[in-house]
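Fold and geometry: a report
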Amino acid sequence: MTDQATIPTIGIKRIKEISFQIREDLLLDSSRTILIEIGQNLSFAIDEGLVSFALRFYYHFAEEREPILVDFTVQNVFEIPNLQRFIFERGELKLPPVTISNIVGLSISHGRALLAKQLSGTVLQENLPYIVDPANVARHFFPRMFDVQTAQKADATPAS
């Protein structure tokens, strides 16, 4: 079980907009329902103590996944001292649930803010991603980090 002593301090190293594309020409019919989906990519550099979490926000019509109406990606890089203590089993990263939830929550918030800036003045300027519970989103993206048995194993397994 992860205790308070194993919850790391997180520093924010970088918030970077990677890409933005909008197809306003396809948005002339305001009666169509638009869905917003989020994809993610988590990577890390153990020696540098860095965790990179990229989020891709993409909009499409409810009845079809193509064409993509808005495609936006933001990268958030976090610094976690002694990151190697959270690596186990074939190099798998196992952050405490509160830590990965904070990373996900901050990244969504940063992404929403930068996306709002990009959508300003477009027909979608008032169509931003909803506020969500970051722990639920983190649990969806990274269920093994919330698994009690996996977390106990991570606490007992020394990093190499």
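These numbers were taken from a predicted model, which means no experiment stands behind them. All residue numbers refer to positions counted from 1 along the written sequence of the respective chain. Only residues with pLDDT of at least 70 are given local features in this predicted model, and only at 80 or more are side-chain atom pairs given and counted; all residues enter the totals for whole chains, interfaces and linings. Values shown for side chains rest on all heavy atoms present in the structure; no hydrogens or waters enter the calculation.

Per the convention used, a helix needs a DSSP run of H or I reaching at least four residues, while a strand needs a run of E reaching at least two, with both numbered from the N terminus. Counting its secondary structure elements, the chain contains four helices and six strands. Listed N to C, the secondary structure of the chain is β-β-β-β-β-β-α-α-α-α in terms of helices and strands. Considering only intrachain contacts with a sequence separation of at least 6, the fraction spanning at least 24 residues in the chain is 70%. Surface accessibility follows the Shrake-Rupley procedure with a 1.4 Å probe radius. Residue values consider only the protein chains on display as shielding. Counting every atom, the chain has about 9000 Å² of accessible surface; 51% of that belongs to carbon and sulfur. We call two residues contacting when some pair of their heavy atoms lies within 4.5 Å.

Examined against the element boundaries, Ser109 turns out to sit in helix α1 (residues 97-119). Linking Ser109 and Ile131, residues 22 residues apart in sequence, is a C-alpha distance of 8.4 Å.

Attention shifts here to the side chain of Asn76. Residue position: Asn76 is located in strand β4 (residues 68-79). In this structure the side chain of Asn76 is engaged in a polar contact, spanning 2.6 Å, whose partner is the side chain of His110. The contact partners of Asn76, leaving out residues within four places of it in the chain, are Arg14, Ile15, Val51, Ser52, Phe53, Ser107 and His110. Here a polar contact is recorded for every N or O atom pair within 3.5 Å, except that within protein the pair must consist of a potential hydrogen donor and a potential acceptor, and residues adjacent in sequence are included only if both atoms are side-chain atoms.

Time to look at the confidence of the model for the chain. Reading fine detail from the predicted coordinates is not recommended where pLDDT is low. The predictor rates its confidence in each residue with pLDDT, a number between 0 and 100. Here the chain averages 90 in pLDDT, while 89% of its residues score no lower than 70. With pLDDT under 50 throughout, residues 151-160 is counted as low confidence; its partners more than four residues away or in other chains account for 12 contacts.

Attention now moves to the sheet that holds β4. Criterion used throughout: strands pair if DSSP finds at least two bridges between them. Taken together, the four strands give an open sheet; going across it, the order is β1-β4-β3-β2, and neighbouring strands pair in antiparallel fashion. Two strands in the sheet have a free side with no partner beyond their single neighbour: β1 (11-22) and β2 (34-45). On average, each strand axis in the sheet is inclined to that of its neighbour by 15°, with strand direction left out of account. Summarising the sheet, β2 and strand β3 (residues 50-61) pair through 12 bridges and their orientation is antiparallel. Bridge pairing links Ile36 to Tyr59 in β3. Where α1 meets the sheet, its contacts fall on β1, β3 and β4, and the angle it forms with β4 comes to roughly 135°. In this analysis, axes come from line fits to C-alpha atoms, helices being fitted only over the stretch in contact, and the angle between any two N-to-C directions falls in the range 0 to 180 degrees.

For the rest of this paragraph, the subject is helix α2 (residues 134-141). Buried residues are those whose accessible area, probed at 1.4 Å on protein chains only, stays under 20% of the maximum for their type, while exposed residues exceed 50% and partly exposed ones sit between those limits. Of the positions making up α2, those classed as buried are Val137, Ala138 and Phe141. Seen end-on, α2 carries its buried residues on one side only, within an arc spanning 100°. Those residues of α2 hidden inside the fold are in contact with β2, β3, α1 and α3 (143-146). Capping the start of α2, Asp133 holds a side-chain oxygen 3.0 Å from the backbone nitrogen of Ala135, two or three residues further along. Our arc is simply the arc of the directions from the helix axis toward the C-beta atoms.

Take a nonpolar patch on the surface next. Patch rule: a residue counts if its relative accessible area is over 30% and it has no salt bridge; like charges are joined within 9 Å, and nonpolar side chains (Val, Leu, Ile, Met, Phe, Trp, Tyr) within 5 Å. Note on definitions: salt bridges are taken to be side-chain nitrogens of Lys or Arg within 4 Å of carboxyl oxygens of Asp or Glu. There is a patch of nonpolar side chains on the surface, built from Ile12, Ile15 and Leu106 and spanning about 230 Å² of accessible area. Note that Leu106 resides in helix α1. Of the residues examined, Leu106 reaches a relative accessible area of 34% and is grouped as partly exposed.

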